[in-house]
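Residues per chain are reported as follows:
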Amino acid sequence: MAQPAISVNDLHYSYGDTLAVDGISFDVAEGEVIGFLGPNGAGKSTVVKMLTGQLTPQKGSASLLGMDIVKERKRVQQEIGIAFETTNLYEQMSAVENLDLFAKLYKVPNFDAMGLLEKVGLGGREKEHVASYSKGMKQRLMMARALVSDPKMLFLDEPTDGLDPVSTETIHALIRAATQNGTTVFLTTHDMVEADKLSDRVAFLNQGKIVALDTPARLKLSFGMRALKVEIELPDGGTEARELSLDLDQTAQDVFDLFKNERILTVHSEEATLEDIFFDITGRGLQG
Amino acid sequence: MDIQRIWILMGKEVRLGATNFMTIYVLVMPVIITLLVALVFGDLFAQTPRLGIYDAGGGERFTQKLLDHPSINTTLYSSDAALRNAVERGTEEAGMSLPAGFIEALESGTEEVNFTVYRWGEAGVRNLLLLESTLGRTLVEGGGEGFDQLPVSVVSNQIGNANTLTWSQRLLPLFLIMAIVLGGMWIPAASLIEEREKRTLVALTTTPTSLMDVYLSKTLMGLILSGIMAVIILLLNRAFAGELALLLLVIALGGLMSSVFGVILGSVSKDMDTFMGIVKAVGILLYAPGILKIFPQVPEWIGRIFPTYYLMNPLLEVSQNGAGFAEILLDVAVLAVIIAALLVILSSVIGRQQQQLAMES
């Protein structure tokens, strides 16, 4: 078996008496997109901070691309790109200056800032101060900065939080393009639609522990309930919505009876969302 | 530590500082105040060095050379007493009383020549140095031999109270401290706080750049700025004199002390408001030695209580009094101990800062 891009073993971290990460273990294959899902305070950001060398694990170990995250921190950081949730750009500098600065710090030879800015849709505004950019433009620039060193691994912390659909789609396209080049992506989010759309596997994090880790499809099969949502017209002219489970023995008969006896207006199939599954497993929602 | 990254980060500091109001303010402020004081007290357009000469006879060729010299303002006096009186009043900054047969004796090269020089106690060191070098050159030309071999004996008399200082001289220590402390301390501290508040520091330290590299770049930036500021202030006050290497060494040590202190303050200040609060609280302690120097009657030992005394005093001693290394050794040693203590504190601060940054981000 090929060496995993990320290998985490029994990682712990506490802030004082508060246990943030409670002995998590997982592997991520090269080129895989793993989505870390969980509500605020679940420990997602602490995991990212440990893996990216911002925090030193208090117990356990982890390696990225075969390098120990503590002993070889600077080597690890040379191979990764990070897009933070909160904007942290030099706003009094232009986009080109921001990217050039980081390219120099990564010691990237022959860096083409303009090419990268074109990719993230910021071509033409590269010389303006970043302070004049919209939130979506800043987030795209953050993404470009994460890609400056052509990293083997990307850590994206809520990369599309609060963005307009165009910026969101640009960032999704960049993530897909990166994975096609073999980049491993570690995506933390509480947007289950985004995680479902982009992730090869998702991990549910709750109170510092991984409570489920699998492909979105298998999680839905294992935990979710399929249903048929039917809207019928009532004799008095009103409407009523009914839901029929597709996983019961009498489902076929129920569907037959409904279509025979009622006037059907609309029919939709429904599958469990990741949010539903998270709620089923933890008893709490992702926004909580 | 990575020199290349430190250099890149310093370039970024210069780029951001050039458009930052606070940076411009702290750099321009001491210069403006110095110029204002110089304008108000009339030292900005100070006259060329003033030399009085009394020639008892036979020194016409020599005195004519000095009268023709473009860099000094020379006046002839009819008697030694009149010359002495002029120097005493400050009309002349130096006076040269030539005995009869001075030139002949000088040209013969065999006879020892004695003459008297009067120095006004309040004369600036720059003017005195200029006068001395001009006299030296003129003597060599007159004697036709190497200056070292001249059989000339100079009797030097200081006239007037050397402790009587002009306002520019009184304020120079304060301006020097302001320049070094503002440039060295304020800019690294403010830059560090801003980077923390805007979270760019986290972005930097998640690249292969270490926090140590970032801190060193800011410390060096403070050191360079305070050095430049100190030189500018000394030049503006016509006090950039004395042994150059020694002067630069003291400026560098003073700048290092200020910038390390600034980086520590920037690390421990939660935000800009906290920093301003600390500066307001300790500012008077930083500037105290300079303020005390305005009043020469205040005993020197009081100034020695304050750490900035040990960057200010050696600078003044070298630039104003022409002191050598031996004379400022004690002050420099104390300065080095203060810097060492600050570096120990800084290394501890850096250790804690990495974790704090991660928690704040």
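What counts as what
- Here the residue numbers are simple positions, counted from 1 along each chain's written sequence.
- Chain letters start at A and ligand numbers start at 1, both assigned in the order the entries are written.
- It should be noted that, the model being predicted, local features are given only for residues of pLDDT at least 70 and side-chain atom pairs only at 80 or more, the latter also being counted only at that level, while totals for whole chains, interfaces and linings use all residues.
- The basis for every side-chain value is the complete set of non-hydrogen atoms in the structure, without hydrogens or water.
- Secondary structure counts use DSSP, requiring at least four H or I residues in a row for a helix and at least two E residues in a row for a strand, with both numbered from the N terminus.
- Burial here depends on accessible area, computed with a 1.4 Å probe over protein chains only, as a share of the maximum for the residue type. Under 20% is buried, over 50% is exposed, and the range in between is partly exposed.
- Whether two residues are in contact is decided by their heavy atoms: any pair within 4.5 Å suffices.
- With residues, only the protein chains shown are counted as cover, and all accessible areas are computed by Shrake-Rupley using a 1.4 Å probe.
- When charges are tallied, Lys and Arg are placed among the positive residues and Asp and Glu among the negative ones, while His and the ends of the chain are skipped.
- Just so you know, the charge point we use is NZ for Lys, CZ for Arg, CG for Asp and CD for Glu.
- Candidates for patches are residues over 30% relative accessible area with no salt bridge; among them, like charges are joined within 9 Å and nonpolar side chains (Val, Leu, Ile, Met, Phe, Trp, Tyr) within 5 Å.
- Here a salt bridge means any side-chain nitrogen of Lys or Arg lying within 4 Å of a carboxyl oxygen belonging to Asp or Glu.
- Helix span, as expected, comes to 1.5 Å for every residue beyond the first.
- Whether two strands pair depends on DSSP finding at least two bridges between them.
- In this analysis, axes come from line fits to C-alpha atoms, helices being fitted only over the stretch in contact, and the angle between any two N-to-C directions falls in the range 0 to 180 degrees.
- The quantity called pLDDT is the predictor's confidence in a given residue, expressed from 0 to 100.
- Roughly parallel here means an angle under 35 degrees, roughly antiparallel means over 145, roughly perpendicular means 65 to 115, and every remaining angle is called oblique.
- For this classification, Asp, Glu, Lys and Arg are treated as charged, while Ala, Val, Leu, Ile, Met, Phe, Trp, Tyr, Cys and Pro are nonpolar and the rest, including Gly, are polar.
- Summarising the geometry, the arc corresponds to the directions from the helix axis toward the C-beta atoms.
- Any pair of N or O atoms that falls within 3.5 Å is considered a polar contact. Within protein, one atom must be able to donate a hydrogen and the other to accept it, and sequence-neighbouring residues count only if both atoms are side-chain atoms.

Draft legend 1. Molecular detail of the overall build of chain B. Of the regular secondary structure elements, chain B holds 14 helices and five strands. The 361 residues of chain B split such that 49% are buried. Considering only residue pairs separated by 6 or more positions, chain B has 77% of its internal contacts joining residues 24 or more positions apart. With an accessible surface of roughly 16,000 Å², chain B has 63% of that area assigned to carbon and sulfur atoms.

Draft legend 2. Seen up close, the overall build of chain A. Per the secondary structure count, chain A includes 10 helices and 13 strands. When its C-alpha atoms are laid out on the principal axes, chain A stretches across 70 × 45 × 40 Å. Scored against the burial criterion, the 288 residues of chain A give a buried share of 49%. Long-range contacts, defined here as pairs at least 24 residues apart, represent 66% of the contacts in chain A between residues at least 6 apart. Roughly 13,300 Å² of accessible area belongs to chain A as shown, and the carbon and sulfur atoms make up 48% of that amount. Distance between charge centres in chain A, computed from 29 positive and 43 negative side chains, equals 7 Å.

Draft legend 3. Region of interest: a negative patch on the surface. Taken together, the side chains of Glu243(A), Glu270(A), Asp276(A) and Asp280(A) define an acidic patch exposed on the protein surface. Residue placement: Asp280(A) occurs in helix H10 (residues 274-282).

Draft legend 4. Main features of helix H5 (residues 135-146) of chain A. With 12 residues, H5(A) ought to run about 16 Å at 1.5 Å a step, and its terminal C-alpha atoms sit 17 Å apart, in line with that. In terms of residue burial, H5(A) counts as a mostly covered element, since 11 of its 12 residues are buried. All of the buried residues along H5(A) are Gly136(A), Met137(A), Lys138(A), Gln139(A), Arg140(A), Leu141(A), Met142(A), Met143(A), Ala144(A), Arg145(A) and Ala146(A). Buried positions along H5(A) lie against strand S6 (80-83), helix H3 (95-105), helix H4 (113-119), strand S7 (153-157) and helix H6 (165-180) of chain A together with helix H8 (200-205) of chain B.

Draft legend 5. Summary view of unusual backbone geometry. All names here are of chain A. For Lys107, which is not a glycine, the phi torsion comes out positive at approximately 60°. By the element assignment, Lys107 lies in the loop between H3 and H4. Within the chain, Gln207 stands out as a residue other than glycine whose phi angle is a positive 50°. You can see Gln207 is positioned in the loop between strand S9 (201-206) and strand S10 (209-214).

Draft legend 6. Focus on the sheet that holds strand S2 (residues 18-28) of chain A. All names here are of chain A. Spatial ordering of the open sheet is given by S2-S1-S4-S5, a layout of four strands whose pairing is antiparallel. Each edge of the sheet is formed by a strand with only one pairing partner; in this case those strands are S2 and strand S5 (67-68). Inspection of the sheet shows strand S1 (residues 6-15) paired to strand S4 (residues 59-64) by five bridges, in the antiparallel sense. Bridge pairing in S4 places Val8 opposite Ala62. Strands in contact with helix H1 (residues 44-51) are S1, S2 and S4; relative to S1, the strand with the most contacts, it is inclined by about 115°.

Draft legend 7. Highlighting the pattern of salt bridges. Tallied over the full model, the rule gives 23 salt bridges over all chains. Across the pair Lys107(A) and Asp2(B) runs a salt bridge, and its minimum N-O distance is 2.7 Å. Residue Lys107(A) is found in the loop between H3 and H4, and its partner Asp2(B) is found in the segment before helix H1 (3-17); the two belong to separate chains. Asp2(B) gets classed as buried once you look at its relative accessible area, which sits at 15%. Between Glu240(A) and Arg242(A) there is a salt bridge, with its nearest N and O atoms 2.9 Å apart. On the accessibility criterion, Arg242(A) (29% relative accessible area) is partly exposed. Here the salt bridges share partners, and the residues they tie into one network are Lys12(B), Glu13(B), Glu195(B) and Lys218(B).

Draft legend 8. Representation of the confidence of the model for chain A in the model. Summarising the model, chain A shows a mean pLDDT of 88, and 97% of its residues fall at 70 or more. Mean pLDDT values over the elements of chain A span from 80, in H10(A), up to 95, in H3(A).

Draft legend 9. Structural detail: the sheet that holds S10(A). All names here are of chain A. Spatial strand order, S6-S7-S8-S3-S9-S10: six strands in an open sheet with mixed pairing. Every other strand in the sheet has two partners, leaving S6 and S10 as the edge strands with one partner each. The average angle at which neighbouring strand axes cross in this sheet is 15°, direction not considered. Across five bridges, the pairing between strand S3 (residues 33-37) and strand S8 (residues 184-189) is parallel. What sits directly across from Gly35, in S8, is Leu187.

Draft legend 10. The packing of H5(A) against H6(A), seen in detail. Residue and element names in this part refer to chain A. Contact geometry of H5 with H6 gives a least axis separation of 10 Å together with a crossing angle of 10°. Classified by the angle between their axes, H5 and H6 sit roughly parallel to one another. Contacts from Gly136, Gln139, Arg140 and Met143 in H5 reach Ser167, Thr170, Ile171, Leu174 and Ile175 in H6. Split by residue class, the contact of H5 with H6 holds four nonpolar, four polar and one charged.

Draft legend 11. The side chain of Ser226(B), seen in detail. Note that Ser226(B) resides in helix H9 (residues 211-236). Each residue touching Ser226(B), except ones within four places of it in the same chain, is listed here: Ala179(B), Ile180(B), Gly183(B), Gly184(B) and Gly255(B).

Draft legend 12. Region of interest: helix H4 (residues 80-89) of chain B. Residues and elements named next belong to chain B. Along H4, the positions that sit buried rather than exposed are Leu83, Ala86 and Val87. End-on view of H4: buried residues confined to an arc of 95°, all on one side of the axis. Relative to its buried face, H4 has exposed residues pointing more than 90 degrees away, namely Ala81 and Arg89.

Draft legend 13. Inspection of the interface of chain A and chain B at higher detail. In this assembly, 29 residues from chain A lie in contact with 26 residues from chain B. Run the count over chain A and chain B and you get two salt bridges. At the surface where chain A touches chain B, the tally comes to 10 residue pairs in polar contact (both at pLDDT 80 or more). Breaking the side of chain A that touches chain B down by element, the ones donating at least two residues are S1, helix H2 (73-79) and H3 of chain A. The element best represented in the side of chain A that touches chain B is H3(A), accounting for five residues. Tallied by class, residues from the side of chain A that touches chain B come to 12 nonpolar, 10 polar and seven charged.

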